[in-house]
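Structure at a glance
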Amino acid sequence: MLGISNTAFLPVSFGSIAKKVNVVNREVEVPDFATEDGKIARALNLQAVYNIKTHEDFIPKTIYECDREIVESDEIEDNAKWVPWVNPKDGKMYTVIKTADNEDGTKTVRVLDEDGELVKECDIRPKKIIVLDDARYIEEEKDRWYTAINGDELSSHGFIVALMAKRNNPLADVEILNTSDDNPLDYGARGEMILENLQNIIDRLNGGEKIDAINMSFGQGWNLREIFEDMFDEDINVCNRAFFADFMKCYAQKMDSFLYEERQLLEQITKHGTRVFVAAGNDGSEYYMSYIGIDGVELVGGLASNGKVSPHSSSSRLTPHFEKFDYPLALKRGGINVTGLHGADFSYPEFLKKYEGKKPEGNTMTDEEHNELISLEYSKRYDYINKLKASKKDKFLLQENRELTIENNGIPVYGSFDFNMPLYSSFKHLTVDKNGYLVPYIPDMKSGTSYASPTRAAKVMLNDTMQEILNG
């Protein structure tokens, strides 16, 4: 309960239109919308449901050799050059391949039909997608990162969000604007950086730059049921978008100056025709994202494995777009996949590869050795580790992470002192396969609507580009 008692800032009509509604946290059908953009969103939602249920990775059986070299490659850069696309207007399947980034800023594209026949080859102006997110780059932590498309280092949340957009639309130009300083939990500093970036975008738009879409995988969720119970002692039907927009504007103006300014700046941005996609949130259906109600701002929710709206996805009654909620990591040839598309999205670091295919026997630190290590002063631990490594057969040293081993159903998970990094950093562990050989340990990854949003932004922009190509 937020404990709001002062309702003087609210229009008088708010209290009178509050209605008794049974709002429960449940899976709901994907909403349908009557506008043309809504119809496209609905078709993309149904395609997302189909992909979740079938896990299909479509590649035409017959294909030109020059195209086959790309679509069947294990290289991360090649994986990022192509993507399957279903025309939401007629359900026809296409393969879209970017073959060149040209000096004049255009991209050369080959479009194949479902039989692998060339439909069109042309140069296009790429859609511009801006990702607003935490995109800090800390050089001292470089050895913790994975390398993705174009050498991007996955050093923070924003780079993975941008990866989602790049992989789902190889024809777009994706730019990242950082919203966090070295302390992302500093709400004041974060708020100021968001406002500065939004104003920068407005200045660019006013200067004539074309920005087609913005993605914001952050925001604050509000439990309106609790708020209205506190204000009016009754439930409220939040399905009325106009009502919600008025309420949030008034509430932000009174209670949250950063949010109020953000909403004003976003209103200016959308008037330029720029579409703004925002993650709907992961707090459940009773929560509503604070950016709802702004014309041109479109929320993206998450679908569960059964194709229904995930019970964890927020704002579902006012959300037009849905992509899958969970994006589990998976080992692929050439690296690790998170998007669910074909091939690998990013490589695992070179220092992991030297352990792959080896057995941990003789290299694991014993409990006695570990206890002796932690009993030493920090200045003496490095020499002790080197002494232990010298006594090991293959000159590397592993230590079991007991907590991760339990999470891994009792299969040992190791960290290594050769990693030159904190022992328990994510993505940097080893486990053993069924034959006892070391392989990278891929943990469960918390994703949700943060990754659904850039996925949908990219797909909408890809659809716009493809309609221009087919109709041009």
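For the structure, see preceding data.
Fair warning: this is a prediction, and the values are worked out from it, not measured in the lab.

1. Remarks on empty space enclosed by the protein
- One pass over the structure, following the stated rule, counts two cavities of 30 Å³ or more.
- Here the second largest cavity defines a volume of roughly 40 Å³.
- Surrounding the second largest cavity, Lys249, Tyr260, Arg263, Gln264 and Glu267 form its lining.
- In terms of residues, the lining of the second largest cavity owes the most to one element, helix H9 (residues 257-270), which gives four residues.
- Among the residues making up the lining of the second largest cavity, the classes are represented as one nonpolar, one polar and three charged.

2. Some thoughts on the environment of Lys332
- Counting through the fold element by element, Lys332 comes out in strand S13 (residues 330-332).
- On the basis of relative accessible area, Lys332 is assigned to the partly exposed category, the value being 38%.
- When the C-alpha atoms of Lys332 and Ser347 are compared, they prove to be 9.5 Å apart, with 15 residues separating the residues in sequence.
- If near-sequence neighbours (up to four positions away) are discounted, Lys332 is found in contact with Asn337, Gly343 and Ala344.

3. Notes on the sheet that holds strand S17 (residues 429-432)
- Strand order in the open sheet formed by four strands is S15-S16-S17-S18, and the pairing between neighbours is antiparallel. The open sheet is flanked by strand S15 (398-400) and strand S18 (438-441), the only strands paired with a single partner. Going from strand to strand, the sheet's axes swing by 45 degrees on average, the running direction of each strand aside.
- One ladder, built from three bridges, connects S15 with strand S16 (residues 413-416); its direction is antiparallel. Its bridge partner lying in S16, Leu398 is registered against Ser416.

4. As for the pattern of salt bridges
- In this structure the tally under the stated criterion is 20 salt bridges.
- Between Lys107 and Asp173 there is a salt bridge, with the nearest N and O atoms lying 3.2 Å from each other. With a gap of 66 residues between them, Lys107 in strand S3 (residues 107-113) and Asp173 in strand S6 (residues 173-178) connect regions that are remote in the sequence.
- Residues participating in the shared-partner salt-bridge network are Lys98, Asp101, Lys107 and Asp173.

What counts, and at which threshold
- Residues numbered from 1 in each chain as written.
- Predicted model: local features only at pLDDT ≥ 70, side-chain atom pairs only at ≥ 80, totals over all residues.
- Heavy atoms only, no water.
- 1 Å grid on protein atoms, 1.4 Å probe; cavity = no way out; pocket = protein on both sides within 12 Å on 5 of 7 lines; lining within 4 Å.
- Points joined across faces, edges and corners; volume = space filled by probe spheres on them.
- Helix = DSSP H or I, 4+ residues; strand = E, 2+ residues; numbered from the N terminus.
- Nonpolar A, V, L, I, M, F, W, Y, C, P; charged D, E, K, R; others polar.
- Buried < 20%, exposed > 50% of the residue type's maximum accessible area, 1.4 Å probe, protein only.
- Contact = heavy atoms within 4.5 Å.
- Pairing = 2+ DSSP bridges.
- Axes fitted to C-alpha atoms, helices over the stretch in contact; angles between N-to-C directions.
- Salt bridge = Lys/Arg side-chain N within 4 Å of Asp/Glu carboxyl O.

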